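Notes for the structure review
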Amino acid sequence: MFKNFNLGSSESATAHWWLQRVTAIMLIPIACYLVIALMSSVIHGNNIQSFVFSNPVVLLLGITISMYHAVLGIQVIIEDYVSCLILRRWIILLVKFITIVSVAASILAIIVSVKNNF
Amino acid sequence: MQRFAKKLPLSPHVQIYRLPWVAIFSISHRLSGIILFFGLLLLSWRYALVVLQPHSCILHTLNYCLVSKVGIAFFMLWTMSFYLHLLHGIRHLFWDFGIGFKLKYLNLCNVLIGLTIIFLTVITWFIILYV
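Here the structure is a predicted model, which is why all the values come from computation and not from measurement.

Re the pattern of salt bridges
Think of it this way: side chains of opposite charge can pair up when their charged atoms draw near. For the coordinates displayed, the defined rule picks out two salt bridges over all chains. Between Arg21(A) and Asp96(B) there is a salt bridge whose closest N-O contact spans 2.8 Å. In this pair, Arg21(A) sits in helix H1 (residues 13–43) while Asp96(B) sits in helix H3 (residues 69–96), so the two residues belong to two different chains.

Shown next, in the form of structure tokens:
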């Protein structure tokens, strides 16, 4: 039982499953908003005014929750398709690292944009 | 440490099977998840750059790439993946409660989801490009 103890997902599998579902339900409305906000900014140019629909609170929630949901999902995919356990661990670690850095950058940007508005 | 997962007997190769539509949706669900992840990374970094470094060279290059033909094609794929992931994800939630496993419902849902994805993608890009 303890032989493969720390080789799989880092938390318990049940919590993983539940968090995936809970974030999925939360994301149904938020992700629609997020896609509209981010896509419209790409179409309308490259200044901050192009983020017409970007309520900072919803943007923060959207990016954080969807990144978390993405990490949970990609972890499952990697565990299914990468059979070498050491490589599997490193890839999951890499994905988590990239995600955390991206979320941190987005949160910093949101805070700065709120501060600039006042 | 054990380097590889335990040697288990393998099932026949994927080409042997004629995949049912549900299986095709299932694998596209995973694929679309990965595409959505990359798109989200790209757009969240773009947002951070727009706020923090609005006049940087990298942002101009990025914008130039995003509105090029390849960029637009990627975003078409991205929105399509989004609709697929959204609709099939909602079906997954129903499946978790044990609803919708009858073959009749499965086939109906496949057609419904497929048509809705195409419809929504076309509508979205019609609005973006022509309105």
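Structural notes on the environment of Leu61(A)
When you line up the elements, Leu61(A) lands in helix H2 (residues 56–81). Distance from Leu61(A) to Ile36(A), taken between C-alpha atoms, is 15 Å for residues 25 residues apart in sequence.

Looking at H3(B)
Its 28 residues place the ends of H3(B) 40 Å apart at the C-alpha level, agreeing with the 40 Å of an ideal helix rising 1.5 Å per residue. Residue Gly98(B) follows H3(B) closely and has a positive phi angle near 80°.

Points about the packing of H2(A) against helix H1 (residues 21–52) of chain B
Two elements in contact, H2(A) and H1(B), have axes whose closest approach is 10 Å; the angle formed by their N-to-C orientations is 140°. One finds that H2(A) runs oblique with respect to H1(B). The interaxial crossing formed by H2(A) with H1(B) has left-handed handedness. When H2(A) is examined against H1(B), the residues Leu59(A), Ile63(A), Ser66(A), Met67(A), Ala70(A), Ile74(A), Val76(A), Ile77(A), Asp80(A) and Tyr81(A) are found in contact with a partner set consisting of Ile27(B), Arg30(B), Ile34(B), Phe37(B), Leu40(B), Leu41(B), Ser44(B) and Tyr47(B). Each residue belonging to the contact of H2(A) with H1(B) can be placed in one class, and the counts come to 14 nonpolar, two polar and two charged.

Some points on the packing of aromatic side chains
Residue and element names in this part refer to chain B. Going through the model one piece at a time under the given rule, you end up with seven aromatic pairs over all chains. Taking the centre distance of 5.7 Å and the plane angle of 20° together, the rings of Trp95 and Phe101 count as stacked. Three or more aromatic residues joined by ring pairs make a cluster, and in this case those are Phe74, Phe75 and Trp78. Over the ring of Phe25 we find Arg91, and its NZ or CZ is 5.8 Å from the ring centre.

A look at the nonpolar core
Ranked by internal contacts, the top residues of the largest apolar core, which has 42 residues, are Leu59(A), Met67(A), Phe37(B), Phe75(B), Trp78(B) and Phe82(B). Counting only elements with at least two residues in this core, the list comes to H1, H2 and helix H3 (85–117) of chain A together with H1, helix H2 (57–66) and H3 of chain B. No other element matches the ten residues that H1(B) contributes to this core. Each residue touching Phe75(B), except ones within four places of it in the same chain, is listed here: Met39(A), Val42(A), Leu43(B), Leu66(B) and Trp125(B).

A short note on a nonpolar patch on the surface
Residue and element names in this part refer to chain B. On the surface, a nonpolar cluster with roughly 870 Å² of combined accessible area is contributed by Met76, Phe119, Ile123, Phe126, Ile127, Leu129, Tyr130 and Val131. You can see Leu129 is positioned in helix H4 (residues 103–130). By relative accessible area, which is 46% here, Leu129 ends up partly exposed.

The rules we used
Residues numbered from 1 in each chain as written. Chains lettered and ligands numbered in written order. Predicted model: local features only at pLDDT ≥ 70, side-chain atom pairs only at ≥ 80, totals over all residues. Heavy atoms only, no water. Salt bridge = Lys/Arg side-chain N within 4 Å of Asp/Glu carboxyl O. Helix = DSSP H or I, 4+ residues; strand = E, 2+ residues; numbered from the N terminus. Expected span 1.5 Å × (residues − 1). Axes fitted to C-alpha atoms, helices over the stretch in contact; angles between N-to-C directions. Parallel < 35°, antiparallel > 145°, perpendicular 65-115°, else oblique. Left-handed = near helix turned anticlockwise from the far one by under 90°. Contact = heavy atoms within 4.5 Å. Nonpolar A, V, L, I, M, F, W, Y, C, P; charged D, E, K, R; others polar. Phe/Tyr/Trp six-rings, centres within 6.5 Å; stacked < 30°, edge-to-face > 60°. Lys NZ or Arg CZ within 6 Å of the ring centre and 35° of its normal. Core = buried A, V, L, I, M, F, W, Y, C linked by side-chain atoms within 4.5 Å. Buried < 20%, exposed > 50% of the residue type's maximum accessible area, 1.4 Å probe, protein only. Patch = residues over 30% accessible without salt bridge, like charges linked within 9 Å, V, L, I, M, F, W, Y side chains within 5 Å. Areas by Shrake-Rupley, 256 points an atom, 1.4 Å probe, with all protein chains shown as cover.

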